[in-house]
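Observations on chain architecture
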Amino acid sequence: MIKRISFSVVIILVACLIISCGGNKKKETSEETTDTLKSVNKIEIQTNKKYTDIAKFVSGMPVDEKSELYELSQTASFKTYVSSSDSSWARFEKKRLAKMRTWAGEEISDLNKDLKTLFYPFSGPDFVHAYTLFPKATTYIMFGLEPVGNIPDFNKIPKEKLGDFFSALNYSIEDALSLSFFKTIDMSKELNSELISGALPVILLFVARTGHEIVDIKPIDLDKNGKVKVIDSFLNLKSEASYNKGAEISFIQTGDTIIRKIIYFSANVADGGLKLNPNCENYFKNMEENVVTMVKSATYLMHKAHFSIIRNTVLSKSKAFLQDDSGVAYKFIEPGKWNVQLYGEYKGPIALFANHFETDLQEAYAKLNVKPVSFQYGYGSHSVVLVARKK
């Protein structure tokens, strides 16, 4: 009897041991599966260290010790550039960007919500104002007369020329930081010099200074159907030969998981220019609807009869647009189609554009509920901001 009981106890103990081991094995498997799922679900975005370092370097920001540019970042010319850049950006942030950011949060938060595309005609390389007002866009479509140029290659710039490079870069963005716009005539000289090629270096500077890292930079062209196609290399072209050529810059905010992109290309968008360039005209025709458009310091081109195609593109493709008085002339904004909110004060264009005075816009400022604006936007010291939302 004693033997039988002992045998039974052994059987029970073995059974318990098997069940216990099985339970532990199941638990371990469950934990391993969870870890695997975490790994699968984790979004890992690979940034391009070389391009990010170049963007930081041209913006006067520190680069990693392992960077190819680290040695150059220790030169006296770079350290001088860092000091002047940091001071300029601190003033720029306090004087304009912080105020724009606050205003955008209060007045156009609805336009930023789920914003897919910001269309910024006549922008040149001015990414910084576009991003400050519309930080939620996933795509920024920008163009200007300026060729896209090339990614700076510091292997081809002698050390003794670095000071000249930084001086030229500082000079090229000086107007944008102090006046809120680029001067087209100045840019044609500044961005096509021996040291700085095209708009791309300035765009990269702005991307880095707004807290982003570069994911990729691709040279692009517009094909006959108006589609963006990637080409083999950047072409150092000028004037008409540069039209339709550009760059697609993918970037990401540090710590974010959303990849955004800038599509910049060179183009003459006067009606005559587009008739000779169906590739670009088809690009505008194929552009998605319900974009938000931003216009600033556009030399009153869309006031003119021979800029009707781009003007009609803005009016037909936009669910809303934000502009100064140099954008779409007030007479083209039909009250039955748009809800208009005015900001600032209208005292007419600066002397250079005096012939574009708008009596109807002056009357609108006198009649409508006009809100204040605390930052400079466009030409002159008196900001004119108009936000139109499609009814």
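A brief report on the enclosed structure follows. (Residues numbered from 1 in each chain as written. Predicted model: local features only at pLDDT ≥ 70, side-chain atom pairs only at ≥ 80, totals over all residues. Heavy atoms only, no water.)

1. With respect to empty space enclosed by the protein
Under the definition given, this model contains two cavities of 30 Å³ or more. Roughly 40 Å³ of internal volume is contained in the largest cavity. Along the walls of the largest cavity sit Gln323, Asp324, Asp325, Val328, Ala329, Tyr330, Ile333, Glu358, Leu361, Val384 and Leu386, which together make up its complete lining. Tallied by class, the residues present in the lining of the largest cavity amount to seven nonpolar, one polar and three charged. A volume near 30 Å³ is recorded for the second largest cavity. Every residue lining the second largest cavity is listed: Val58, Ser59, Tyr81, Ser85, Ser88, Trp89, Asn170, Ile173 and Leu205. Among the secondary structure elements, those contributing two or more residues to the lining of the second largest cavity are α4 (76-107) and α7 (162-179). (1 Å grid on protein atoms, 1.4 Å probe; cavity = no way out; pocket = protein on both sides within 12 Å on 5 of 7 lines; lining within 4 Å. Points joined across faces, edges and corners; volume = space filled by probe spheres on them. Nonpolar A, V, L, I, M, F, W, Y, C, P; charged D, E, K, R; others polar. Helix = DSSP H or I, 4+ residues; strand = E, 2+ residues; numbered from the N terminus.)

2. Regarding the sheet that holds strand β6 (residues 259-266)
Each strand in a sheet pairs with another by means of backbone hydrogen bonds, the pair being arranged parallel or else antiparallel. One open sheet accounts for 10 strands, arranged β4-β3-β5-β6-β2-β1-β7-β8-β10-β9; its pairing is mixed. If you trace the sheet from one side to the other, it starts and ends with β4 (228-230) and β9 (338-344), each paired once. Each neighbouring strand pair of the sheet contributes to a mean axis angle of 25 degrees, computed without reference to strand direction. When strand β1 (residues 117-120) meets strand β7 (residues 291-295), the two strands line up parallel, connected through two bridges. Paired with Leu118 across the strands is Val292, a residue of β7. This element, α4, spans β8 (318-323), β9 and β10 (384-390) of the sheet and lies at about 30 degrees to β10. (Pairing = 2+ DSSP bridges. Axes fitted to C-alpha atoms, helices over the stretch in contact; angles between N-to-C directions. Contact = heavy atoms within 4.5 Å.)

3. Topic: helix α2 (residues 49-58)
For α2, a buried count of seven out of 10 residues is recorded, marking the element as mostly surrounded by other parts of the structure. Those residues of α2 not exposed but buried are Tyr51, Thr52, Asp53, Ile54, Ala55, Phe57 and Val58. If you check the start of α2, you find a side-chain oxygen 3.1 Å away from the backbone N of Lys50, and it comes from Asn48. Directly after α2, the chain includes Gly60, whose backbone phi takes a positive value near 75 degrees. (Buried < 20%, exposed > 50% of the residue type's maximum accessible area, 1.4 Å probe, protein only. Polar contact = N/O pair within 3.5 Å; in protein donor to acceptor, adjacent residues only side chain to side chain.)

That is the geometry; function is a separate question.
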